Each structure stands twice: as structure tokens, then as C-alpha cells.
Amino acid sequence: MHRTPHSAPYLPVMPVLGLLAALLLPLGMTFAPGALAASTADPVRVMPLGDSITGSPGCWRAVLWNRLVNGGYEDVDFVGTLPPQGCGQAHDGDNEGHGGELVTNVADQNLLPGRLASTRPDIVVMHFGTNDVWSSIAPDRILAAYTRLVTQMRASNPDMRILVAQLIPMNPSSCAGCAQRVVDFNARIPGWARATGTERSPVTVVDQWTGFSTAADTYDGVHPNASGDDKIAARWFPALSAVLDAGVPQDPGDPGDPGEDPAACTARFRAVSSWQGGYQGEVTVTNTSASAVRGWAATVVPANGARLTQLWNGSLSTAADGTATVRNATWNGTLAPGASATFGFVATTPATAGTPAANVTCTGTAPAA
């Protein structure tokens, strides 16, 4: 959504309208209510998502907001369930930056859907995973959490635009290995994004690492100072403005709206048997909508480093991080309301893997009206 630049974004409107009315009323001209409104479009809702770097106080958001306003992007609404936390300059401070939060916990505890339902973002700007890296959580597991969050974002809005940061550097005195772990994790993000992005819901990687100095741009080796806030905002701005300029589909509507054909479904994982180095599992996809499903796709995020290697009753594609997408076979894609289809698979696991587990979700497509 392009916003035409203005030289004075905060020009007071009512005094100007009052003067104009005073000049024109003697000529017998009147105005219908709202006739001079600048725009009837809903604002584009942008959710800043992350941990304390985003929200405590996350003053790069204030810098970014004012860059957008000064660039003429007036119809933008930062959204989140958390309120502003200061920063000393006027800005739209709503955000989803929860201090101390791990992206893996957000995924495992299913925390994001409620936040999405409360705010209905069109764009998510995500810098998330610093606490996971600090906690020595494996990149595979963090990226699996990313995938789960993206799946939930698209369930909220199939046209979601997602901007994902390569994390700013981290070098706290209490974590000798953190600096290299950030480098290692960041190296995995572009490949994950290529495998995860779609034409309808693209994933854009924003490099927040290059040129950022923990010595000059943070106050504790982790959290940005004013210089760091400026650098973070400067990296987000061109990526976010490009999405706004391209236009963001809004109001995806309800599943039954004309012109749309999503259908609700659920997916359930079950371990059939296991052995040293692998297991057999199955996933049952159930149509929970009131109309037939003409096709379905399930996302399987296996835990503990497992990888799907064989599959039946569907077609398999696997991302670099191990996330599997399974689409229906030609003969089991159509499901009546309440009907189910099951596919099976064999997974390999590291020798140290525990009980088989996987996060599974699905999407269905209803027949065209």
C-alpha cells in the first residue's frame, strides 16, 4: 500500500476545513459529512513481534514509526497486546515484544494465535530468538518454532506479509559462546525463508546483523542503545516500505465469504512404533468445516531432530530444517464434513532422541461455489 509523501504529515485538518467552509458558504456550497476525508481505507496493521529487544522498551519501533510518518505512510497502525513503554518521542507504541520470551516457548505453548486474534495484523515484523540462542537451543528447533508461528500467522491471515530479522549480534559478558551461536543461527535463516515463503504470503529476510556493533550499539552486549535503535530502524524501513508500496491485501474475511475458499481442518499425530534411530508415525487429517474439502496439506514439524524419510498416502516435500509438508494423494483429497484421511511415515532420529513427537497443522480447500 503506497503512501504519498507529505511535507507536513501532522498538518491540523479541522482549522483548514473551517477556513475553507467560511470562504465557500457565502456562495451557497455545503459539505456532506466526511466529504473531505483523506482516505477511507483501513490502516495497514503491523505487528512488531519478539522479545525484550522489540518491547522493553524497543525504542527502534519509535524511530521506525517516525520514519514511516515522515515518509508519508500515514495509514499504518502498529498493533500488539502490549502498550507503549516510553522512548521519549511520540509514536504508535503497541507491540508484541515480551521481555525474556523464547520463540520456542511461544510455539510450544501455542501463545501466538490468541495474540493474532486480538490484533489481526497484515504484516509481522519479527526479531525473535535471542533468548533461545542464549539458552543454547539448537537452530533446528528454533527454526521449527519459526515455521509453526508462520503457519499460525497464515491461519490468521492467508495473505500475511512476514519480515524476519537475522538477529543483531550478541556478546554479553556472561555468555562466551553467544556471539558465535548468533552467527551460526543467522546463517540458517535465508534457507529457511526460501523454503517457507509463498507467493501469497512471502517471507522477507532483513539483515540486522551486518554493521551492528555490540560495543557501540548496545549498552550490555545484547540490548540496543540509541545508536542501535537507529540502525535497527534503518534496516527495517526499506523492507517495510517496499511491502507497503507493493500493497497489502486486507480483510481476508470469514471462511464463507464470496470469492474465498478456505476450509477448516485439524491434524493429529500418533507414534505407531519406535526403535533405536527411528520410528513409524501417522497423522490424521479431519475436515472440521461445514462444507466438503477438495484438498488438504499438512505441516509436520518433528521434534528432537527427526526427519521424515518415507511416506505413504500423500506426497512429501521437506525443508532444510526438517519441516515436512504433506499434500493429499489424488484419491484421498476430498473429505466430507467430519471425514478424515490418514497418512503414514517413517522418520529417522538421532541416537539420543527421546519419545517420538511432532507438531502438526493442516489447511484445507473448499470447492468453489
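A. Broad picture of the confidence of the model for the chain. With 84% of its residues at a pLDDT of 70 or more, the chain has an overall mean of 84. Confidence, expressed as mean pLDDT per element, reaches its minimum in the chain at helix α1 (residues 13-24) with 39 and its maximum at strand β4 (residues 123-127) with 97. Under a pLDDT of 50 for its full length, residues 4-40 has, in the predicted model, 21 contacts with residues more than four places off or in other chains. A low-confidence stretch, residues 252-261 (pLDDT under 50), is modelled with 14 contacts involving residues beyond four sequence positions or located in other chains.

B. Region of the structure containing the packing of aromatic side chains. What the rule picks out here adds up to nine aromatic pairs. Arranged with centres 5.3 Å apart and planes meeting at 70°, the rings of Trp65 and Phe78 form a pair that is edge-to-face. Here Phe78 lies in strand β2 (residues 76-78) and Trp65 lies in helix α3 (residues 60-70), a separation of 13 residues in the sequence. Across this residue pair, the class does not change: Trp65 and Phe78 are buried. Between Phe269 and Tyr279 the ring centres are 6.2 Å apart and the planes differ by 85°, which places this aromatic pair in the edge-to-face class. With a gap of ten residues between them, Phe269 in strand β8 (residues 265-275) and Tyr279 in strand β9 (residues 278-287) connect regions that are remote in the sequence.

C. Local environment of the sheet that holds strand β11 (residues 307-312). Here we have four strands laid out as an open sheet, ordered β8-β9-β14-β11, and antiparallel in their pairing. With one partner strand each, in any of the chains shown, β8 and β11 form the two edges of the open sheet. Neighbour-to-neighbour, the strand axes of the sheet open up by a mean angle of 30°, direction not taken into account. Inspection of the sheet shows β9 paired to strand β14 (residues 340-348) by nine bridges, in the antiparallel sense. By the bridge assignment, Val285 is partnered in β14 with Ala341.

Conventions used here
- Residues numbered from 1 in each chain as written.
- Predicted model: local features only at pLDDT ≥ 70, side-chain atom pairs only at ≥ 80, totals over all residues.
- Heavy atoms only, no water.
- pLDDT = per-residue confidence, 0-100.
- Helix = DSSP H or I, 4+ residues; strand = E, 2+ residues; numbered from the N terminus.
- Contact = heavy atoms within 4.5 Å.
- Phe/Tyr/Trp six-rings, centres within 6.5 Å; stacked < 30°, edge-to-face > 60°.
- Buried < 20%, exposed > 50% of the residue type's maximum accessible area, 1.4 Å probe, protein only.
- Pairing = 2+ DSSP bridges.
- Axes fitted to C-alpha atoms, helices over the stretch in contact; angles between N-to-C directions.

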